[in-house]
Amino acid sequence: MALRRLVPVVVAAVAVAVFGVLIAGGGGSSHSVYAVVPEAAAVVPGLEVRAAGVRVGSTGEIVPVDGGRAAKVEFKLDDRAWPLRGGSIFQLRWGGTGSFSARYLNLDPSTDGPKLADGATLPKGSLQAPVEFDTFTAMFDRGVRSDLSHTLQNTGATLKDAVQPLRSALGSAPPVAEEANQIFRSLQENHDALHALLRSGDSVVNAIQGADPGLGLLLSGAGTTFAATASRAHELQVTLDRLQPTLEQMRSTLGHADGTLQAAADLTDRIGPGVSELRRLSHPLNRLLGSVVRVAPDARASLASVRAATPYLNPLLSRATSLMPTLESIGRRGVHELRCIRPYTPEIVSLASNWGDFFSYVDDKDKMARVAAANIYGGLNAAPLNADQASKTFPGLVYGFPRPPGMSADQPWFLPQCGAGPDALDPAKDPEARQ
């Protein structure tokens, strides 16, 4: 009996707890996105954000940006509307058809845009607001209302007198409108040609105005010309009749010539770069041919000498052929050795100057050479000290074999491929001791 009485109490406590969580936190943790709008007169902090009629968040702080010319609005969304995707729209709506208060923001989420990060800024146009009534009515000031009143009064009287002609015009308007549409479309498509035509017409009119004193003579001469042409109308007709087959033949010929000219144009385009390059090479080629002409006698004499020396050169070339593998091996090894010698160039160059400075009496710093001599005990000949033992016996010694380049300047440049790596400074790894 005690357990039955306890069950309703537990259910009621759970319901109260769930209701408290829903009232306090909405749909879970909060996420923020931002939108920058030119103005946010009707958006205030705390407006509900709804998606499909369900509250999914609210507006946060609204701060001015860009010197007060725009506003940055924060949208706080819970987990029911997260993650939010790019392309989502926030629409400011009224509370009802007859209510201009209790506004809210309707969230129209996108389903195919990229996921937005927490704190992201939405693109332009993501917040849409309806036109406010005061904004619309503010456009109709005293002057606009007076002008609109006069316009409506005059329009009514004008339309009353033009009812019958307007009906007749509307009956015949579609064909005319279609033709006008075609004309305007052609003019729009040929805008450049029309502009050129108007400019040319303006130039012709200006020329006619400038030649006004001779315009009468021009028209008189044109009349005489037209009269003479009319008197020869029959001869012109015969000529035109004979000209027609000629023109047809010419059109056929031009049709064939069009392909030929096109092929010629393609050929010209193809050989054009070669002609330009040949023209550019003509001067160096001319000099080259002149040089060939000048050295031809010497070249002929040289070839004759080579031909005469052929019996003596054959043994030499045979011997050189047999030595080529050896020379190739020496050259390949020499390249490797030169790569190992080249880094020692500063030491090689400074060798003579260092020794010359050592033996000089004055080096602009000291009057005489200073030498710190030390007697290194070598032990018995039967048991000499190796490099590691000598280094431990005399800590002042610096070991290096082979010395890496740059060692004299305390900036060693290790060459492991040449045997002068970091091990070359370790006396315990003396290669002679290993031998």
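Structural notes, computed from the coordinates.

Calculation notes
- Residues numbered from 1 in each chain as written.
- Predicted model: local features only at pLDDT ≥ 70, side-chain atom pairs only at ≥ 80, totals over all residues.
- Heavy atoms only, no water.
- Pairing = 2+ DSSP bridges.
- Helix = DSSP H or I, 4+ residues; strand = E, 2+ residues; numbered from the N terminus.
- 1 Å grid on protein atoms, 1.4 Å probe; cavity = no way out; pocket = protein on both sides within 12 Å on 5 of 7 lines; lining within 4 Å.
- Points joined across faces, edges and corners; volume = space filled by probe spheres on them.
- Nonpolar A, V, L, I, M, F, W, Y, C, P; charged D, E, K, R; others polar.
- Salt bridge = Lys/Arg side-chain N within 4 Å of Asp/Glu carboxyl O.
- Buried < 20%, exposed > 50% of the residue type's maximum accessible area, 1.4 Å probe, protein only.
- Disulfide = S-S within 2.5 Å.
- Phe/Tyr/Trp six-rings, centres within 6.5 Å; stacked < 30°, edge-to-face > 60°.
- Lys NZ or Arg CZ within 6 Å of the ring centre and 35° of its normal.

1. Regarding the sheet that holds strand 5 (residues 89-93)
- The sheet built from seven strands is open, its strands ordered 1-4-3-2-6-5-7 with mixed pairing. The open sheet has two edge strands with one neighbour each: strand 1 (31-37) and strand 7 (127-128).

2. So, the layout of surface pockets
- A volume near 410 Å³ is recorded for the largest pocket.
- Val 37, Pro 38, Glu 39, Ala 40 and Ala 129 are the residues nearest the centre of the largest pocket, which is lined by 23 residues in total.
- Among the elements that line the lining of the largest pocket, the one with the most residues is strand 1, at three residues.
- Partitioned by chemical class, the residues of the lining of the largest pocket number 15 nonpolar, four polar and four charged.
- Along the walls of the second largest pocket sit 14 residues, with Glu 347, Ser 350, Asn 354, Arg 403 and Ser 408 positioned nearest its centre.

3. Section: the pattern of salt bridges
- Within this structure, the stated rule accounts for eight salt bridges.
- The residue Arg 50 makes a salt bridge to Glu 48 at a minimum N-O spacing of 3.1 Å.
- Since its relative accessible area comes to 27%, Arg 50 is described here as partly exposed.
- Using a relative accessible area of 30% as the deciding quantity, one classes Glu 48 as partly exposed.
- For Asp 78, the salt bridge identified is with Arg 80, shortest N-O distance 3.1 Å.
- Overall, Asp 78 belongs to the buried group, its relative accessible area being 5%.
- One salt-bridge network, held together by shared partners, links Glu 48, Arg 50 and Arg 55.

4. Structural notes on the state of the cysteines
- Summed over all chains, the structure comprises one disulfide.
- The partner cysteine of Cys 340 in its disulfide is Cys 418, sulfur to sulfur 1.9 Å. With the S-S dihedral at roughly -85°, the linkage between Cys 340 and Cys 418 falls on the left-handed side. Taken as a pair, Cys 340 in helix 9 (residues 310-341) and Cys 418 in the loop between helix 11 (387-393) and helix 12 (431-434) lie far apart in primary sequence, 78 residues in all.

5. Quick word on the pairing of strand 1
- The buried count for strand 1 comes to five of seven residues, which makes it a mostly enclosed element.
- Pairing between strand 1 and strand 4 (residues 70-77): seven bridges, direction antiparallel. When the bridges of strand 4 are listed, Val 33 appears paired with Phe 75.

6. Some words on the packing of aromatic side chains
- A complete count under the given rule lists one aromatic pair for this structure.
- Across from the ring centre of Tyr 34, 4.8 Å away, lies the NZ or CZ of Lys 72, which sits over that ring.

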